[in-house]
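Fold and contact review
Each chain is listed here by its residues.
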Amino acid sequence: MFPRRPPASLAAWLAGARGGGLLAVLANQCRFVTGLRVRRAQQIAQLYGRLYSESSRCVLLGRLWRRLRGPPGHASVLMAALAGVFVWDEERIQEEELQRSINEMKRLEEMSNIFQSSGVENHPPEPKTPAEGNEKSKDKEEPWEMVMDKKHFKLWRRPITGTHLYQYRVFGTYTDVTPRQFFNVQLDTEYRKKWDALVIKLEVIERDVVSGSEVLHWVTHFPYPMYSRDYVYVRRYSVDEENNVMVLVSRAVEHPSVPESPEFVRVRSYESQMVIRPHKSFDENGFDYLLTYSDNPQTVFPRYCVSWMVSSGMPDFLEKLHMATLKAKNMEIKVKDYISSKPLEMSSEAKATAPSSERKSEGSRGPARIEYA
């Protein structure tokens, strides 16, 4: 039997609830439970941090992630962040991303045999795939607009749908350096600190033993009076000797070991794809390249100002990259040869955590000899 009248404390609570206090009570309860679980997760992370090495923690968290993995926003994502571990299963650059960039280069080459050593006269029509034609009514992409026409490269841009930003495309050629040298100079972080005066910091934060992807932290000067910008991004490269092509893909990510700093403005939207097609071989002078680039530098300037900065800064960067490659060619500076380096060996712990289907796809790429770093 229920009492005829509720206790005084319950009556007071109900009275408060009628006045709007019910939501406050529920909110306090949620905060208490959430705080308790966060503190417990931190204690567990600290305990495992003392008991296990960094590689062992990555393996352990990888197993836990695969068990608990759910839709975006799942609690396991929070757990990974609290444990201070980067979840490669979600962030590594996949083979499909590399292939998309190569296919874009192929489509341009199929449209027209352009940009030989003498330069380009006309930009080929925008290539369209069947999938793009079917989605035309949904997300129609803007056409490319010529921004700069130089002897050794051409620069286009197009608005990114739904934003105030532009995507940029550079199609160029060099005949006085080899593809191997040009590719190595882009990948060598230590050498870039010497030839790029805008670099404040550039270092590899973590490497993925499965795919060879790397996470880097890059801090760079921006024109006065803007603050310096910092980028945290993952990159992966592929060298396909059979098809005579090289590709480097990068995009922004978040990494728990590189929190946002008040000294810099974090750039969270950044993508870059570089495809290199040798005229003959990797070690003979002459190649074409396709660079597609976009980022959101988080400025308060109008779109045309940002576009001007990128349009004027990109030729300067390409010229510095070219000169740095010439110095490497003349052996004035030693540069690591990424193409000849062996693929990363997968550790026993990583083999235990990598899904069998993924290992199968990584090891069955056919005769195309692909190397990663």
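Shown above is the structure to which this text applies.
Note that the structure is predicted; figures quoted are calculated from it, not measured.

In this structure, the largest pocket spans a volume of roughly 920 Å³. If you go around the largest pocket, you meet 34 residues; those closest to its centre are Arg192, Trp218, Tyr293, Gly313 and Phe317. Elements with a contribution of two residues or more to the lining of the largest pocket: α7 (179-187), α8 (189-195), β5 (214-220), β6 (229-240), β7 (245-252), β9 (270-278), β10 (287-295) and α9 (303-329). At 9 residues, the largest contribution of residues to the lining of the largest pocket is made by α9.

This part takes up helix α5 (residues 95-111). With 17 residues, α5 should reach 24 Å at 1.5 Å per residue; the first-to-last C-alpha distance of 25 Å fits that figure. Considered for burial, the residues of α5 that qualify are Glu97, Leu98, Ser101, Ile102, Glu104, Met105 and Leu108. For α5, the angular spread of buried residues about the axis comes to 145°, placing them on one side. Exposed residues lying more than 90 degrees from the buried face of α5 are Arg100 and Glu110. Those residues of α5 hidden inside the fold are in contact with β3 (166-174), β6, β7, β9 and β10.

This part is about the environment of Lys193. Residue placement: Lys193 occurs in helix α8. The partly exposed category is assigned to Lys193, whose relative accessible area is 36%. The spatial distance from the C-alpha of Lys193 to the C-alpha of Glu203 is 9.7 Å, given a sequence separation of 10 residues. The contact partners of Lys193, leaving out residues within four places of it in the chain, are Val199 and Leu202. Here the side chain of Lys193 touches Leu202 through a polar contact of 3.1 Å, landing on its backbone oxygen.

So, about the pairing of β7. Burial analysis of β7 places 7 of its 8 residues in the buried class, which makes it a mostly covered element. Judged from the 8 bridges that link them, β6 and β7 form a sheet pairing that is antiparallel. Within β7, the residue paired with Val234 across the bridge is Arg251. In sequence, β6 turns back onto β7 through a hairpin of 4 residues, with Asn244 there showing a positive phi of about 55°. In terms of strand pairing, β7 meets β9 through 6 bridges, oriented antiparallel. Paired with Leu248 across the strands is Met274, a residue of β9.

So, how was this worked out
- Residues numbered from 1 in each chain as written.
- Predicted model: local features only at pLDDT ≥ 70, side-chain atom pairs only at ≥ 80, totals over all residues.
- Heavy atoms only, no water.
- 1 Å grid on protein atoms, 1.4 Å probe; cavity = no way out; pocket = protein on both sides within 12 Å on 5 of 7 lines; lining within 4 Å.
- Points joined across faces, edges and corners; volume = space filled by probe spheres on them.
- Helix = DSSP H or I, 4+ residues; strand = E, 2+ residues; numbered from the N terminus.
- Expected span 1.5 Å × (residues − 1).
- Buried < 20%, exposed > 50% of the residue type's maximum accessible area, 1.4 Å probe, protein only.
- Arc of directions from axis to C-beta.
- Contact = heavy atoms within 4.5 Å.
- Polar contact = N/O pair within 3.5 Å; in protein donor to acceptor, adjacent residues only side chain to side chain.
- Pairing = 2+ DSSP bridges.

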